[in-house]
Amino acid sequence: MNVLRRLYMAALMAVVVTLVAAAQTSGADDDRIAQLEKAMYRYFSSNATDSFMYVTDQLMEACRKAGPSQERLFYKAWSNQAIYSFTKVNRTRGLELAHQIHDYAYQHDSKFGLYTSTYALASMSSTLRHFAQAEREFNEAINYQHRFFPDESAAAPYLGLAKIYVNLKKIEKVLECARQALSEPNIIMQHKLSAWSYICIAYNDAKYSRDDFNRAYAEREKVKRENGHDDNYGEIVEYYNAMKNGRYAEALNFASKIKSGSDRLLYISKAYASLGDYRNAYVCQVLFRDYRDSVNTAEVQQMSYEYASQLDVTRAENEAKNLRLSNQELQIQAAVVITIITLAFSIFYYFRRRKQMQKLRQAYNQLADTTSAKERIDSELRIARDIQMSMVPRTFPAFPDRRDIDLHATIVPAKEVGGDLYDFFLQDDRLFFCVGDVSGKGVPASLTMAVAVNLFRTIAKEGFPPEVIADKMNETMAADNENGVFVTMFIGIIDLKTGNLDYCNCGHNPPIYGERRKHTTQTVFGFLDIESNVPIGLWSDYSFIGGHLDDIRGSLLFVYTDGVNEAENHSQEQFGEKRMLRVLRESTQPFGERTPKTRSRFLIEETKCALDAFVDGAEPSDDLTMLCVSIK
């Protein structure tokens with residue numbers, strides 16, 4: 001008996017030791033996961049890419065080993081890695097990671113994984129300025145999370161919505177989303193700090209006082225100290241703090257430290273403008289536009305659209321699967337209930353089944369809507385292009401009753417709609433004309449183009465000189481222009497009686513002047529030496545300077561947009577100003593009474609042919625506009 005008792009006690013002690021060791025190991029693993037999670041959020045707000053990637057890789061591996069208990073943190077870490085890669089490393093890589101999260105979650109039937117991939121895509125769509133798509137995805141993520149994970153904080157998608165509304169200038173919506181984020185259960189300190197950052201950004205709006213902003217800023221400072229480090233918006237909030245309190249030199253210093261390339265250039269430009277340094281402000285505006293266009297490549301945007309469509313399909317399939325599972329469960333219940341009372345079950349089943357079929361049809365209708373969405377957008381853009389092109393004169397000869405005016409123009413958008421423009425009209429023996437280029441591309445640029453064309457025609461018909469037309473257009477377009485959209489433009493007025501040309505160049509490419517030498521038939525081409533000024537729409541208090549040429553009769557003026565000289569071939573070589581001059585100089589044709597083409601039309605068509613031969617089918621990167629005018 002003693003021997004058996006000793007054996008029993010030894011076995012019991014071995015079990016106890018094993019359990020204690022396991023508990024200690026489990027506790028150590030939990031501590032390590034907690035430390036890695038804290039480090040992940042700390043590095044997420046920094047540019048320490050290698051450290052962030054290493055920590056998230058380690059955290060994902062630790063969560064995978066821990067099993068189902070750490071499923072949510074595993075997908076959070078993976079989602080953060082995708083968003084970080086997209087914003088700070090490579091946008092294509094970020095989209096690929098989000099795609100991998102989606103596939104992995106779908107294969108493992110993880111609702112939380114599908115939620116995080118939806119949230120990650122919404123964040124990327126927002127960065128690509130697909131705001132309608134991103135808004136829909138964030139709201140679906142919030143509804144999905146509240147439905148399946150009510151104990152989990154939905155602060156992250158609320159903050160994503162706040163970022164969208166900042167870009168859309170919906171200040172009240174920004175405040176609403178930031179406060180919703182703060183009211184979410186179990187909100188982490190990093191999200192709490194970001195919520196106060198958005199409140200500060202909203203209070204920077206002119207409708208709020210400096211005291212309102214300063215109170216929000218003080219509250220954010222408390223949260224920042226509690227958090228132990230700043231978030232991604234720290235430099236931006238400090239910039240707004242300096243600007244709101246009139247410390248413009250300090251604001252310029254903070255703007256130069258902002259991590260986002262596009263934000264940094266935009267805020268530096270605004271700080272320079274506040275300091276009265278318009279030249280540097282304009283240079284930064286141009287760099288901002290080029291940077292924004294370069295990072296939002298067509299390839300990345302197409303990947304975003306395709307991935308969004310795939311997520312729509314997956315959500316519809318999951319809805320259909322849930323409905324089928326629910327139907328199977330209903331049939332099992334029916335087998336039991338039918339033995340009790342057949343009539344009652346039949347009535348219940350009929351109405352329940354009809355409701356389920358309605359949901360199923362809705363799920364599959366969503367698939368059809370997603371498939372046809374791109375076709376509808378393409379159709380609407382074609383209609384928009386037709387409307388846009390109808391806003392510029394397209395009938396030539398422009399003035400068939402005036403043999404003393406030779407004018408021809410053309411515009412070729414690079415995409416469905418564009419931002420280039422031209423216009424001309426005749427009033428009191430004076431020919432008014434302009435050529436312009438709106439910053440940016442696509443639908444926003446086309447809307448600004450429509451505004452600019454209407455403004456030019458309305459103001460010019462009052463008979464003002466070119467520099468006054470520019471001043472008045474600038475005053476209107478610069479009002480509430482928080483996005484920094486601007487228009488480069490050349491404005492000219494030719495007095496047909498005297499041949500005098502008055503003009504104003506508003507940050508546009510210098511025109512080419514073909515001067516007809518007296519007593520010869522030779523035309524000498526060269527760039528017009530002009531005051532460049534700044535584009536229209538940037539600063540309302542800027543005063544434009546005009547120029548003048550005496551008697552240009554017999555000479556010609558060739559005005560163009562940078563889609564001509566910056567056109568690229570497959571080797572990314574630009575057409576260039578020298579080649580453009582050479583084409584004009586070598587374009588000769590006898591112009592008698594029976595010549596089917598006017599000289600202006602001939603020069604534009606020769607330049608277009610030379611451009612087509614040069615680019616050799618390469619996809620255009622910018623709109624192309626040319627206007628050529630000559631008077632006798």
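Residues numbered from 1 in each chain as written. Predicted model: local features only at pLDDT ≥ 70, side-chain atom pairs only at ≥ 80, totals over all residues. Heavy atoms only, no water.

Asker: Hey, could you run me through the overall build of the protein chain in this one?
Answerer: Helix and strand counts for the protein chain stand at 21 helices and 10 strands. Counting the 632 residues in the protein chain, one finds 47% classified as buried. Contacts in the protein chain between residues far apart in sequence, at least 24 positions, make up 69% of those at least 6 positions apart. As displayed, the protein chain has an accessible area near 32,000 Å², and 52% of this comes from carbon and sulfur atoms. (Helix = DSSP H or I, 4+ residues; strand = E, 2+ residues; numbered from the N terminus. Buried < 20%, exposed > 50% of the residue type's maximum accessible area, 1.4 Å probe, protein only. Contact = heavy atoms within 4.5 Å. Areas by Shrake-Rupley, 256 points an atom, 1.4 Å probe, with all protein chains shown as cover.)

Asker: What exactly am I supposed to notice about the nonpolar core here?
Answerer: Nonpolar side chains tend toward joint burial in soluble globular proteins. The biggest cluster of nonpolar side chains holds 88 residues, and the ones touching the most others in it are Leu59, Tyr198 and Tyr239. Filtering out sequence-adjacent residues up to four positions away, Leu59 remains in contact with Ile33, Leu36, Glu37, Met40, Leu73 and Ala77. (Core = buried A, V, L, I, M, F, W, Y, C linked by side-chain atoms within 4.5 Å.)

Asker: Looking at this model, I keep getting lost on the environment of Ile604. Mind explaining?
Answerer: Note that Ile604 resides in helix α21 (residues 599-615). The spacing of Ile604 and Phe558 is 46 residues in sequence and 8.6 Å in space, taken between C-alpha atoms. With residues near it in sequence (within four places) discarded, Ile604 still touches His408, Ala409, Thr410, Phe558, Met626, Leu627 and Cys628.

Asker: Would you mind going over the environment of Ala162 with me for this structure?
Answerer: Examined against the element boundaries, Ala162 turns out to sit in helix α7 (residues 155-167). Spatially, the C-alpha atoms of Ala162 and Tyr198 are 7.0 Å apart, while their sequence positions differ by 36 residues. When neighbours within four sequence positions are excluded, Ala162 is seen to be in contact with Val174, Cys177 and Tyr198.

Asker: Sorry, what's going on with the pairing of strand β2 (residues 420-427) here?
Answerer: Two faces make up the sheet, and in a regular strand the side chains alternate between them. The buried count for β2 comes to six of eight residues, which makes it a mostly enclosed element. By the bridge criterion, eight bridges tie β2 to strand β3 (residues 430-438) in an arrangement that is antiparallel. Bridging from a neighbouring strand, Tyr422 pairs with Val435 of β3. Linking β2 back to β3 in an antiparallel pair, the connection comprises two residues, with Asp428 at a positive phi of about 55 degrees. (Pairing = 2+ DSSP bridges.)

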